[in-house]
Amino acid sequence: MPSDNTPVIVGVGQVVERIGEPDYVGRSAADLAAWASERALSDAGADRDLKPLVGVVNAIRTFEDSGAAPFPFGKPDKFPLAVARRVGLRPKHAILEAVGGQSPVTALIEVAERVARGEVAAGLVFGAEAISSTRHLSGAGETRDWSETHDGEIEDRGSARMLTKQGIVHGIVSAPIAYALQENARRARLGMNREDYRMAMGRLFAPFSAVAARNPNSCAASEPLSAEDIATITPRNRMIADPFPLKVVSRDQVNMGAAILVMSAGAARDAGIPEDRWVFVHGAASASEPDILDRADMGAYPAAAAALDAALAAAGKTTAQMDAFDFYSCFPVAVFSTAIDHLGLSADDPCGLTVTGGLPYFGGAGNGYSSHAIAEMVDRLRAKPGSFGLVGANGGFQSKYAALVLSTQPAPFPGWSEARRPDDGAPVVADLVEGDGRIETYTVVHGREGPTHAIAIGRLPDGKRFIARSDDPGSLAAMQARDPLGAQVALSNDGERNAFTLAG
């Protein structure tokens, strides 16, 4: 039997509000998070009210609080307290988690650590996004007042910038652009042509779309997609940033919420929570990467590899002993670099690589996607007692990774396991450059009317790395006509930004 202070997940809740459905009312993010939290509390199946036991709440940072989405209707000044008030909680500690998709795992483990130390009997992790409603209601000319203020203190972990000045100056201003550079770096390493690689992305994500299509918690009703559906460029599947068509891009236009309730085993027993609701943490680890330009292989993810290995080692398990996986899937490279390249799994692994359906199809609920992955995993493990599941949560631009091994099988709480990213000998990055260079990776960024500009990262003759941008129509046309990986470029600068033209 687990000791009384062992933290266990005892409740999970998910909600989705789809525009156009009969019960749609346009809930705010705080409303959705509260709705999910109520479901998590109910899911525990306790024979008494659990709300007085919740001593800590840890809120996943919304895109509005991350500076990544507008908030025309306003927002709570203290999101954790806004949700706690709606649910009827009076926590001793309220936290607004740091930015990044890794945060549901880091928040869960922090709450579990507080429980293990005896600081609280129970804690709740929650998050939500209402980006789709914000866009829909604004477009319809409707207004709402979602602003509110709260007395009380919260610990705000801050909204660290994911973008560097050098990257911004040259056009790395969004996730699709950053990940496209990483995806093409991986393609360069594998020596694949563009057409074959696009089909590989389609084959990877087609099973994800099938899982999402049968998941009642998905952000939209959808049909499974074939690899060809995903890979073929059409007006409804236009190119976003080479090599990404729209159907492989994370879908952040969602109205979704998720919550996870953690309690001590002793408090769970006292509350009459059936032990078949309990799920234990067997391993957890995290690691981080330097900026994209400061990585030797921009298409690899050594920090994720270190975190996955450390979490599995802490659990004393291998991937062959996992019954379910969920790998963060904002773009294909995030799955390729972890599940495929490092762990050696295949796109058609019989366990599947997602329990939700993935961010492009199930929905990319901001920083909180992996809250949904954990909730789905808990349900999957409860349905097969004694089984094990692995969740991989990614933040930034393959910048921060957290891995989590769960099971209904009892185990002592391991806390965080040490995971260190190995030093891979990244090259020196030059500032302003002139002369010749050769492309390591690139992307051509597209608007609705076609390509707008290109970004190239490559090497100078002295081995240093450069980044440059091109607005030259001839270079853009040439990069569309033939694969620019490895191509020679002519470099210049205006005193602030490097520019390139495709040689020849």
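Being a predicted model, the structure only gives us computed values, none of them experimental.

This part is about the sheet that holds strand β10 (residues 324-327). In spatial order, the strands read β5-β3-β2-β4-β8-β1-β9-β12-β11-β10; together these 10 strands make up an open sheet with mixed pairing. Two strands lie at the open edges of the sheet, namely β5 (155-156) and β10, each paired on one side alone. Note that strand β3 (residues 93-96) and β5 share 2 bridges and pair parallel. Bridging from a neighbouring strand, Ile 95 pairs with Glu 155 of β5. Against the sheet, helix α2 (residues 79-87) touches β2 (54-59), β3 and β4 (122-130), its axis set at about 130° to β3. Running over the sheet, helix α10 (residues 302-315) touches β9 (279-288), β10, β11 (388-395) and β12 (400-407) and is turned about 150° from β9.

It is the contact of helix α6 (residues 175-190) with helix α11 (residues 332-340), at a shortest axis distance of 9 Å, that shows an interaxial angle of 45°. In terms of orientation, α6 and α11 fall into the oblique class. The segment α6 lies against α11, with Tyr 179, Gln 182, Glu 183 and Arg 186 engaging Pro 332, Val 333, Phe 336 and Ile 340. Taken together, the residues of the contact of α6 with α11 sort by class into 5 nonpolar, 1 polar and 2 charged.

This part covers the pairing of β11. Burial within β11 is extensive, with 8 of its 8 residues counted as buried. Across 4 bridges, β10 lies against β11 in parallel orientation. Looking at β11, one finds that Phe 327 is bridged to Gly 392. With 8 bridges joining them, β11 and β12 adopt antiparallel strand pairing.

Mapped onto the secondary structure, Ser 138 falls in helix α4 (residues 131-139). Overall, Ser 138 belongs to the partly exposed group, its relative accessible area being 35%. Sequence spacing of Ser 138 and Phe 327 is 189 residues, and the spatial spacing of their C-alpha atoms is 33 Å. Beyond its immediate sequence surroundings of up to four residues, Ser 138 is in contact with Pro 72, Phe 73 and Ser 133. Of the polar contacts made by the side chain of Ser 138, one reaches the backbone oxygen of Thr 134; its length is 2.8 Å.

Before going further, it helps to examine the packing of aromatic side chains. What characterises a pair of aromatic rings is the spacing of the ring centres plus the angle enclosed by the ring planes. One pass over the structure, following the stated rule, counts 13 aromatic pairs. Judged by centre distance (4.7 Å) and plane angle (25°), the ring pair of Tyr 179 and Phe 331 falls under stacked. Here the residue Tyr 179 occupies a position in helix α6, and Phe 331 occupies one in the loop between β10 and α11, the gap between them amounting to 152 residues. Accessibility expressed as a relative area gives 1% for Tyr 179, which makes it buried.

When you line up the elements, Ala 180 lands in helix α6. Owing to a relative accessible area of 0%, Ala 180 belongs among the buried residues under this scheme. Here the alpha-carbon distance between Ala 180 and Gln 14, two residues 166 residues apart in the chain, equals 31 Å. Residues contacting Ala 180, with those up to four places away along its chain left out, are Ala 241, Asp 242, Pro 243, Phe 244, Tyr 442 and Thr 443.

What follows deals with the nonpolar core. Side chains that are nonpolar tend, in soluble globular proteins, to be buried together. In this structure, Ile 9, Phe 327, Leu 353, Ile 374, Leu 390, Leu 404 and Leu 406 are the most contacted members of the largest nonpolar core, which totals 104 residues. With near-sequence residues (within four places) excluded, Leu 353 lies in contact with Leu 204, Phe 208, Phe 325, Asp 326, Phe 327, Val 335, Ala 339, Ile 340, Leu 345, Ser 346 and Ala 347. In terms of nonpolar packing, the next biggest core, distinct from the first, is built from 44 residues, Val 15, Val 57, Ala 259 and Met 263 among them.

Our next topic: the side chain of His 372. Locating His 372 in the fold gives a position in helix α12 (residues 369-383). You can call His 372 buried: its relative accessible area is 2%. Among residues more than four places away in sequence, those in contact with His 372 are Gln 14, Val 15, Met 256, Gly 257, Ala 258, Thr 356, Phe 362 and Ala 365.

A word on α4. Taken as a whole, α4 has its buried residues at Ile 131, Ser 132, Ser 133, Thr 134 and Leu 137. Where α4 is buried, its residues touch β4 and β8 (255-264). Following α4 by one or two positions, Gly 141 adopts a phi angle in the positive range, close to 80°.

Conventions used here
Residues numbered from 1 in each chain as written. Predicted model: local features only at pLDDT ≥ 70, side-chain atom pairs only at ≥ 80, totals over all residues. Heavy atoms only, no water. Pairing = 2+ DSSP bridges. Helix = DSSP H or I, 4+ residues; strand = E, 2+ residues; numbered from the N terminus. Contact = heavy atoms within 4.5 Å. Axes fitted to C-alpha atoms, helices over the stretch in contact; angles between N-to-C directions. Parallel < 35°, antiparallel > 145°, perpendicular 65-115°, else oblique. Nonpolar A, V, L, I, M, F, W, Y, C, P; charged D, E, K, R; others polar. Buried < 20%, exposed > 50% of the residue type's maximum accessible area, 1.4 Å probe, protein only. Polar contact = N/O pair within 3.5 Å; in protein donor to acceptor, adjacent residues only side chain to side chain. Phe/Tyr/Trp six-rings, centres within 6.5 Å; stacked < 30°, edge-to-face > 60°. Core = buried A, V, L, I, M, F, W, Y, C linked by side-chain atoms within 4.5 Å.

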